[in-house]
Amino acid sequence: MKKRTKIVATLGPATDSRESIKSLIDAGANVFRLNFSHGEASDHIARAERIRDIARELDTYIAILGDLQGPKIRIARFANDKIELDVNQTFTIDIKLQSDAGNKNTVGTSYKSLSQEVKAGDQLMLDDGRIQLKVIDTNASQVITKVIVGGELSNNKGINLRGGGLSAPALTDKDKEDIKTAAKIGIDYLAVSFPRSAEDIHQARQLLKDAGGECALVAKIERAETVNDHTILDKIILASDAVMVARGDLGVEIGDAQLIGVQKHIIDRTRELNRVVITATQMMESMIHNPIPTRAEIFDVANAILDGTDAVMLSAETATGDNPARTVEAMANVCLGAEGQKLAKTSNHRIDIKFELIDEAIAMATMYTANHLKGVKAIISLTESGSTALWLSRIRSGIPVYALSRSIKTLRKVALYRGVEAINFDPTALARHDVNRLAVEELRARGYVKDGDLVIITKGDSMGALGGTNAMKVVRVGEVN
Ligand code: G6P
């Protein structure tokens, strides 16, 4: 039994070698994330080539996701690299202070409008909320605070405003350069950090196009103001091909207790709007150093799967951790456990909705049949762009969807869709009356189905054309003409 939930694994120093990339794929990774916050363009280009090479060797389809750094707001540096903050002491963030002159009382920041954008009473969360400061007063260049939660604070740590609202534009100059690298690599997914609105996604798409690229866009949902207003969130989802529940910054801004409900809402809504969703951050955090996950982590991953996420993501666990392949393996194991639950296989999704498109209606009819007709073991979707496979995968099910496509781009893209496996298949190279039989044969040859099993095929009248899926056919393996 293969897992349905996809695993996004971040590559980094711990997983740069060919052997480790291969071991992550063997353990169950489907998508590799290149983090543009670290490394040079040439590193990313080399990594992408390595991934593609290995995927080819292993005869599998792996998507590459490039993750832009975005406008993460940070403190500057300390003369002695770090300080210790005591509860109740005064601490000032000063935009005029030299970037390496921080001390126990004050530190600089490159975010020059900070003192204009916060006010007395606001709470600043530093280093993912480990340090908390209450704003007492502001002036033209300084934010004067009182330490609420103290501890060690070191160079360049992030700053978040509790409740959100810092207005830095989503795409920085560095991001714009990285988009060019992304276009050069021909990545499959580009993740935009801290989008404030759908506009930011449109802009990223345009910049990518200007750089000669084209790929699926991922909106990282990590600003409080984008989840507090459901209209903004819907627009961002619709402007994107996928979204990421980026729990790190989002959790700091809205508070982890709120994050639980917000995660469920984002996953639900994204699927409802026919988009793909990734759940990220600290999913197997303890495995950075430990050989096994905690029970709480297992439940966190399982919970996201029961919520309906397409993919779960690993960050430092695979980029810099001690046990990258073991972590993917442990995560894959949790996927299988959670996917066995009834909740993961039954769907009320769209039960009250009118469909607008013929191909969408065919996909829904296919899933209803697959989930209700005894003996269905597989769904074959002949697809050009992957869109039929996307619709199919929005419905919860235990039946695997095989996306048969002649487009390499499509085969890689569907690597992120829950329950979908890519198979290279070109119907345009075949006589029309052979297509069904040979498509089923592809599955039988791989041992996915056997004589007597039922398979549902979706396709359209014209082969090799985008859109136009207008038929589903139920066939019995061994009796297909
Ligand atoms: C392939 C099949 C067609 C089908 C089309 C759907 O080209 O040969 O029969 O209609 O895919 O592609 P889509 O991108 O809309 O899923």
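Above this text is the structure in question.
Residues numbered from 1 in each chain as written. Predicted model: local features only at pLDDT ≥ 70, side-chain atom pairs only at ≥ 80, totals over all residues. Heavy atoms only, no water.

For the rest of this paragraph, the subject is unusual backbone geometry. Of note, threonine 281 is a non-glycine position whose phi angle comes to about 90 degrees, a positive value. By secondary structure assignment, the location of threonine 281 is in the loop between β15 (276–280) and α10 (295–307). The backbone of glutamine 282 shows a phi angle near 60 degrees, a positive value even though the residue is not glycine. Its place among the elements puts glutamine 282 in the loop between β15 and α10. (Helix = DSSP H or I, 4+ residues; strand = E, 2+ residues; numbered from the N terminus.)

Every one of the 18 residues lining the ligand counts as a neighbour, but Thr383, Ser385, Thr388, Gly460 and Gly467 are closest to it. Here glycine 460 contributes a backbone N or O atom positioned 2.7 Å from an oxygen atom of the ligand. For the ligand, an oxygen atom lies 2.7 Å from a polar atom in the backbone of glycine 467. Bound to the protein, the ligand loses 99% of the 390 Å² it would expose on its own. Among the secondary structure elements, those contributing two or more residues to the shell around the ligand are α15 (387–394) and β20 (454–460). (Near = heavy atom within 4 Å. Polar contact = N/O pair within 3.5 Å; in protein donor to acceptor, adjacent residues only side chain to side chain. Areas by Shrake-Rupley, 256 points an atom, 1.4 Å probe, with all protein chains shown as cover.)

Now for the nonpolar core. Ranked by internal contacts, the top residues of the largest apolar core, which has 66 residues, are Phe32, Leu190, Ile221, Ile266 and Val312. Residue contacts for phenylalanine 32: discarding those within four places in its chain leaves Ala9, Leu11, Ile21, Leu24, Ile25, Ile51, Ile62, Ala63, Ile64 and Leu65. In terms of nonpolar packing, the next biggest core, distinct from the first, is built from 40 residues, Tyr61, Ala63, Val276 and Ala311 among them. (Core = buried A, V, L, I, M, F, W, Y, C linked by side-chain atoms within 4.5 Å. Buried < 20%, exposed > 50% of the residue type's maximum accessible area, 1.4 Å probe, protein only. Contact = heavy atoms within 4.5 Å.)

This brings us to the side chain of serine 393. Within the fold, serine 393 resides in helix α15. A relative accessible area of 3% means that serine 393 is categorised as buried. Engagement of the side chain of serine 393 in a polar contact is seen with the side chain of arginine 394, the distance being 2.9 Å. If near-sequence neighbours (up to four positions away) are discounted, serine 393 is found in contact with Arg271, Tyr417, Arg418 and Val420.

A word on the sheet that holds strand β19 (residues 420–424). As summarised here, the arrangement of the 5 strands in space is β19-β18-β17-β20-β21, forming an open sheet in which the pairing is mixed. On the outer flanks of this sheet lie β19 and β21 (469–476), each paired with one strand and no other. Taking the axes of each pair of neighbouring strands and ignoring which way they run, one obtains an average angle of 25 degrees across the sheet. Bridge analysis of β20 against β21 gives 7 bridges, and the strand direction is antiparallel. Its bridge partner lying in β21, threonine 458 is registered against methionine 472. α15 rests against β17 (376–382), β18 (401–405), β19, β20 and β21 of the sheet, and its axis sits at about 145 degrees to β17. (Pairing = 2+ DSSP bridges. Axes fitted to C-alpha atoms, helices over the stretch in contact; angles between N-to-C directions.)

A separate point is the environment of methionine 472. Relative to the helices and strands, methionine 472 resides in strand β21. Measuring from C-alpha to C-alpha, the distance between methionine 472 and threonine 458 comes to 4.4 Å, with 14 residues separating the pair along the chain.

On any regular strand, side chains alternate: one points to one face of the sheet, the next to the other face. Burial of strand β14 (residues 242–246) is extensive: 5 of the 5 residues sit out of reach of the surface. Here β14 shows no split at all, with Ala242, Met244 and Ala246 on one side and Val243 and Val245 on the other all buried. By the bridge criterion, 4 bridges tie strand β13 (residues 216–221) to β14 in an arrangement that is parallel. By the bridge assignment, alanine 219 is partnered in β14 with valine 243. In this sheet, β15 lies alongside β14 in parallel orientation, the contact comprising 5 bridges. Paired with methionine 244 across the bridge in β15 is isoleucine 278.

A full pass over the atoms with the stated rule returns 1 aromatic pair. Ring geometry for tyrosine 402 and tyrosine 448: centres 4.9 Å apart, planes at 15 degrees, overall stacked. Here tyrosine 402, found in strand β18, pairs with tyrosine 448, found in the loop between α17 (435–445) and β20; they are 46 residues apart in sequence, far enough to count as distant. Residue tyrosine 402 is classed as buried on the basis of its relative accessible area of 6%. Looking at tyrosine 448, the relative accessible area reads 24%, which means it is partly exposed. (Phe/Tyr/Trp six-rings, centres within 6.5 Å; stacked < 30°, edge-to-face > 60°.)

We now examine the packing of helix α7 (residues 230–239) against helix α9 (residues 256–272). Two elements in contact, α7 and α9, have axes whose closest approach is 10 Å; the angle formed by their N-to-C orientations is 50 degrees. By the angle class used here, α7 and α9 are oblique. As α7 packs across α9, the resulting crossing turns out to be right-handed. Across the interface between the two elements, His230, Leu233, Asp234 and Ile237 of α7 pack against His265, Ile266, Arg269 and Thr270 of α9. (Parallel < 35°, antiparallel > 145°, perpendicular 65-115°, else oblique. Left-handed = near helix turned anticlockwise from the far one by under 90°.)

Function cannot be inferred from these measures alone, as they are strictly geometric.
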